[in-house]
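Residue-level structure breakdown
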There are 2 protein chains.
Amino acid sequence: MAEEPSERATLWAVARRAGVHAATASRALNEATRPLVAPDTIARVLRAARDLNYHPNHAARSLRTQRSMTIGVVIPDITNSLFPPIVRGIEDFLAPAGYVALVANTGRDVDRERVVMREMLARSVEGIVLATARRDYPLLEEPPLRGLPVVLVNRVTDDALFSSVSTDDRLGARLAVAHLLDLGHRRIAHIAGPDSLSTGFGRKSGYLEGMRSAGVSAPASLLVAADSYAEEEGYRCASELLGRRSPFTAILAANDMLALGALRALDEHGFRCPEDYSLVGFNDMPLVDRITPPLTTIRLPQYEAGSEAARLLLDRIRQRDGPVSAVLLAPKLVVRRSTCPPTPV
Amino acid sequence: MAEEPSERATLWAVARRAGVHAATASRALNEATRPLVAPDTIARVLRAARDLNYHPNHAARSLRTQRSMTIGVVIPDITNSLFPPIVRGIEDFLAPAGYVALVANTGRDVDRERVVMREMLARSVEGIVLATARRDYPLLEEPPLRGLPVVLVNRVTDDALFSSVSTDDRLGARLAVAHLLDLGHRRIAHIAGPDSLSTGFGRKSGYLEGMRSAGVSAPASLLVAADSYAEEEGYRCASELLGRRSPFTAILAANDMLALGALRALDEHGFRCPEDYSLVGFNDMPLVDRITPPLTTIRLPQYEAGSEAARLLLDRIRQRDGPVSAVLLAPKLVVRRSTCPPTPV
DNA sequence: TTGTATGCGTTATCAG
DNA sequence: CTGATAACGCATACAA
């Protein structure tokens, strides 16, 4: 036995070696149809398959069954540390089900998203996990996606037309605000993320709610909006806040990159964190526990978000008319050293 | 026109609409065979294809042409910040060529690598980029991979049987050693990476060469080997060095995670960096410029490594008997504040 | 329980 | 230049 199989063995090769027809071999090899085959035939086929190191040709199966066993994952940028855990969560959940993920990075370019989705459709993905949604996202209603299972992750749209998995951004911001209020802060500034993203909008809402429900005022002078989640923007926004001369003692940034930029701005203006200004971020990026000062932030269950999104997508693939569900994951406050009680004036 | 195509249009549908045979439509649609078709036929076919929003069925094409237009990428862990830029480099290079990447995380589990590669072979990947190689890596010689184009990235094997793209680890370590020597250090310790990995071995060799060629001794008491590139290991190794009571004034860690662990150890032992001990890392991970002190490290061109690996792989796919080449990329010393001249005793 | 026949959507070969 | 035909490898309805 074990003559070196120079070419990949086909189903026919297996069948011949087992002394049966290809159809029988096929039935014996597939879990679902195996009960239709006689026990010793099954044994012979399985043995032959193993001997020949048979692996079904994916393209042929896919063509025949109309199932690609592939899903698409569209993310802004894998080098943004927010996404690797999400992707990992997706892939780890998919793998045992026999699915693989086609991952594409689109940056912030909507045209690129369109191109990428076409490419995925061309490869017959059975569904898509999207991490690039904006609150208003007409792309999802364009014909190419018609009927294709889609699950939004991290960012969601305003209208809940699709299933989604996201963190409770409002709650996260409220946790942060509550923490700062507990420490005694009253003048709390917010560097908001883009309004066009559910994360930016939700966190800002949570900030406003948190302030309001505590009876603390949140005037427009304490609010500044970043154009993107970039360190540079955090720097710009913090500088602007400092320039406004509307006093405050703490900053809640809509994510860690913005917080990092804010920290740099504070530093360059000669202020210390947390003595002069407390600072809270969002995301708990790797290494923000090692900067100076270690950053107090809101941790999101990213890996779980990914696996949960994959679960919803597979559910939907298996049962097309299943319910549209919006899963909301709980964020967690991680207190480190960038926050402390405000210095009495 | 533009009746909503409820099902995906097939080549036959396009052909019918253009009033030609499917074979002709196929020729008209494919760049390579297009010259065989009459100009106005081409126009009619193209038009019909656009009207029907035709996209070739990937599985069918793949089955027929025996080309999947897919390559596999095997990495230890996408959540390790070293890999996202590499993956990005690969994908960005592949995309214009019409290829997509199937990315799989294997951890440090060789069995998992085997499983993953089988899965990839089952999907008929045309080649594989491997970032999980060890210096001795028999897996590559096992039959399943026979003849499949493979390019190693980041880590390489001792025998140059496959094309590879890596950073010049020896040079990187020598740059780091030279920097420390320039500052006046003579007793330089090294926290080495695993000997089984080309990165660990190469960096250690570079360290030894750098010391030796400067006429400085590098006794075994200044060398300690980490079992893995984990922060915890850096902590353990640094603690061990400190416990040895063989004096030194600087540490070269084989990567940034080890350096981070070493930094924690120094801190916990009441030492300051760089005043008491200078510290150099390797990789220039995100945010190591924001920790205290900002880490002096060796920067690797990760994105370029990825795109270069993709280039080599595509070359090899297009020309199976092309040369095996080992591309060595130049690392760069990034001086920050974790290094300074040694304090005179 | 097994074999036969057919088709999934393309492309390549061979006539015409 | 174009049409007919076959085949890629597999799974399934149907027949035996």
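To be clear, the structure that these remarks concern was listed above.
Here we summarise the structure given alongside this text. (Residues numbered from 1 in each chain as written. Chains lettered and ligands numbered in written order. Predicted model: local features only at pLDDT ≥ 70, side-chain atom pairs only at ≥ 80, totals over all residues. Heavy atoms only, no water.)

All right, on to the pattern of salt bridges then. Any two side chains of opposite charge can pair if their charged atoms end up close together. The final tally for this structure, using the stated rule, is 53 salt bridges over all chains. Between Glu240 of chain A and Arg236 of chain A there is a salt bridge, and its shortest N-O distance comes to 3.5 Å. Of this pair, Glu240 of chain A and Arg236 of chain A both sit in helix α9 (residues 231-244), four residues apart, which is roughly one turn of that helix. You can call Glu240 of chain A partly exposed: its relative accessible area is 32%. A residue is classified by how much of its surface remains accessible, and Arg236 of chain A, at 32% relative accessible area, is partly exposed. A salt bridge links Glu268 of chain B to Arg264 of chain B, with the shortest nitrogen-to-oxygen separation between them at 3.7 Å. Linking Glu268 of chain B with Arg264 of chain B, this pair stays in helix α10 (residues 256-268), spanning four residues, or about one helical turn. Several salt bridges converge on common partners, so that one network encompasses Glu231, Glu232, Arg264 and Glu268 of chain A together with Arg290 of chain B. (Salt bridge = Lys/Arg side-chain N within 4 Å of Asp/Glu carboxyl O. Helix = DSSP H or I, 4+ residues; strand = E, 2+ residues; numbered from the N terminus. Buried < 20%, exposed > 50% of the residue type's maximum accessible area, 1.4 Å probe, protein only.)

All names here are of chain A. Running from amino to carboxyl end, helix α2 (residues 22-29) crosses helix α3 (residues 39-51) at an angle of 90 degrees, the nearest separation of the two axes being 9 Å. Viewed along their axes, α2 and α3 adopt a mutual orientation that is roughly perpendicular. Residues Thr24, Ala25, Ala28 and Leu29 of α2 lie in contact with α3, whose contacting residues are Thr41, Ile42, Val45, Leu46 and Ala49. Looking at the contact of α2 with α3 residue by residue, the classes come out as seven nonpolar, two polar and no charged. (Axes fitted to C-alpha atoms, helices over the stretch in contact; angles between N-to-C directions. Parallel < 35°, antiparallel > 145°, perpendicular 65-115°, else oblique. Contact = heavy atoms within 4.5 Å. Nonpolar A, V, L, I, M, F, W, Y, C, P; charged D, E, K, R; others polar.)

Two aromatic rings, taken as a pair, are described by how far apart their centres are and by the angle between their planes. Applying the stated criterion to the full structure yields four aromatic pairs over all chains. Residues Phe271 of chain A and Tyr277 of chain A carry aromatic rings whose centres are separated by 5.1 Å and whose planes lie at 90 degrees to one another, so their mutual orientation is edge-to-face. Between Phe248 of chain B and Tyr277 of chain B the ring centres are 4.8 Å apart and the planes differ by 40 degrees, which places this aromatic pair in the tilted class. Pair noted here: Phe248 of chain B is in the loop between α9 (231-244) and β8 (250-253) and Tyr277 of chain B is in the loop between α10 and β9 (278-280), with a separation of 29 residues, a long-range link. For Phe248 of chain B, a relative accessible area of 7% translates into the label buried. Through a chain of ring-to-ring contacts, three or more aromatic side chains come together here, namely Phe248, Phe271 and Tyr277 of chain A. Over the aromatic face of Phe201 of chain B sits the side chain of Arg135 of chain B, whose NZ or CZ is 3.6 Å from the ring centroid. (Phe/Tyr/Trp six-rings, centres within 6.5 Å; stacked < 30°, edge-to-face > 60°. Lys NZ or Arg CZ within 6 Å of the ring centre and 35° of its normal.)

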